[in-house]
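In case you want the letters, here they are:
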Amino acid sequence: MKKIILLLSIFSLIKLQSQNDIRAEILLNNVSEKIDKSESFKISFTYTLENLIENINQDSDGTIIIQNDNYVLEFMGIKQLCDSKKVYSIVPENEEIIITDIEEDESETIKPSKLLKFYREGYLILWDKKEIFFEKEIQFVKLIPINSESDIDYLQLGIDLKSNDIVKLIEIGKNNTKTILTVNNLEYNTDIDLNLFVFKEEDYPDYYIENL
């Protein structure tokens, strides 16, 4: 019986993947090819949270530097450092540092280090709307989670057709929440000091440090 259920699941997955729009797949392949040629990235972005029911509309700016599974994220007054094994969340306002292990479970949350690669599995891929954004022709690809229990209704990934760069990510939640990540600047193969991803406890002598 278990074998039959497994086979049905595999067939369902194959069927979903066969419904991907070929135009969207070609576009994302072009994006992936450019990303895979780079060893590091620096991104400046604006994160927008919208909820019409709760009358929420908030913008926050941030930056992230990525190299493999390592990253440094500065966002909403918090610095988050990842050395591919642990995540260090540094909160200057509270003089507090929280250290956690990288989760290995199948979380639907997009990890910062996977920001430019998350779309490669787990989604039905469809061709979507096109719009002009800062004089750039942006083609959106609609990503529908294959996992029916996901809290995400769908995602829209905006691609600059001229440069093949990701410029916008829109997430529509099943709870009527809409989040938008707008890429203001994206640099490839940026020079990085490897010490950037090394947490040094001596740099925070007065901070409270908690290991979870």
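Residues numbered from 1 in each chain as written. Predicted model: local features only at pLDDT ≥ 70, side-chain atom pairs only at ≥ 80, totals over all residues. Heavy atoms only, no water.

### Some remarks on unusual backbone geometry
Thinking step 1. Look at Glu95: it is not a glycine, yet its phi comes out positive at around 50°.
Thinking step 2. Its location among the elements puts Glu95 in the loop between strand S5 (86-91) and strand S6 (96-101).
Thinking step 3. Residue classification places Glu95 among the partly exposed positions, given a relative accessible area of 39%.
Thinking step 4. We note that Asn176 has phi near 70°; this positive angle belongs to a residue other than glycine. (Helix = DSSP H or I, 4+ residues; strand = E, 2+ residues; numbered from the N terminus. Buried < 20%, exposed > 50% of the residue type's maximum accessible area, 1.4 Å probe, protein only.)

### A short note on the confidence of the model for the protein
Thinking step 1. Here the protein averages 86 in pLDDT, and 89% of its residues register 70 or above.
Thinking step 2. Across residues 1-18, confidence stays below pLDDT 50; counting only partners more than four residues off in sequence or on other chains, it has four contacts. (pLDDT = per-residue confidence, 0-100. Contact = heavy atoms within 4.5 Å.)

### Examining the pattern of salt bridges
Between side chains of opposite charge, a pair can form as their charged atoms come close.
Thinking step 1. Per the counting criterion, the structure on display carries nine salt bridges.
Thinking step 2. The salt bridge partner of Lys34 is Asp165, with a shortest N-O separation of 3.0 Å. With Lys34 in helix H2 (residues 22-36) and Asp165 in strand S10 (residues 165-173), the pair connects residues that are 131 residues apart, well separated along the chain.
Thinking step 3. Accessibility expressed as a relative area gives 29% for Lys34, which makes it partly exposed.
Thinking step 4. Salt-bridge contacts for Arg120 lead to Asp36; the nearest nitrogen and oxygen are separated by 3.1 Å. A residue pair is termed long-range when its members are at least 10 positions apart, and Arg120 in the loop between S6 and strand S7 (123-133) and Asp36 in helix H2 qualify at 84 residues. (Salt bridge = Lys/Arg side-chain N within 4 Å of Asp/Glu carboxyl O.)

### Comments concerning H2
Thinking step 1. With 15 residues, H2 should reach 21 Å at 1.5 Å per residue; the first-to-last C-alpha distance of 21 Å fits that figure.
Thinking step 2. On its buried side, H2 packs onto strand S1 (41-51), S7, strand S8 (136-145), strand S9 (152-160), S10 and strand S11 (178-188). (Expected span 1.5 Å × (residues − 1).)

### Notes on the packing of aromatic side chains
Thinking step 1. Enumeration over the complete set of coordinates arrives at eight aromatic pairs.
Thinking step 2. Relative to Phe75, the ring of Phe45 has its centre 5.6 Å away and its plane inclined at 45°; by these criteria the two rings are tilted. A residue pair is termed long-range when its members are at least 10 positions apart, and Phe45 in strand S1 and Phe75 in strand S3 (residues 70-75) qualify at 30 residues. An identical accessibility class is assigned to Phe45 and Phe75; each is buried.
Thinking step 3. Each residue in the set Tyr88, Phe199, Tyr204 and Tyr207 is aromatic and connected to the rest through ring pairs, giving one cluster.
Thinking step 4. For Lys129, the ring lying beneath its charged end belongs to Phe140, and the centroid distance is 4.9 Å.
Thinking step 5. It is Lys142 that lies over the ring of Tyr154; its NZ or CZ is 4.3 Å from the centre. (Phe/Tyr/Trp six-rings, centres within 6.5 Å; stacked < 30°, edge-to-face > 60°. Lys NZ or Arg CZ within 6 Å of the ring centre and 35° of its normal.)

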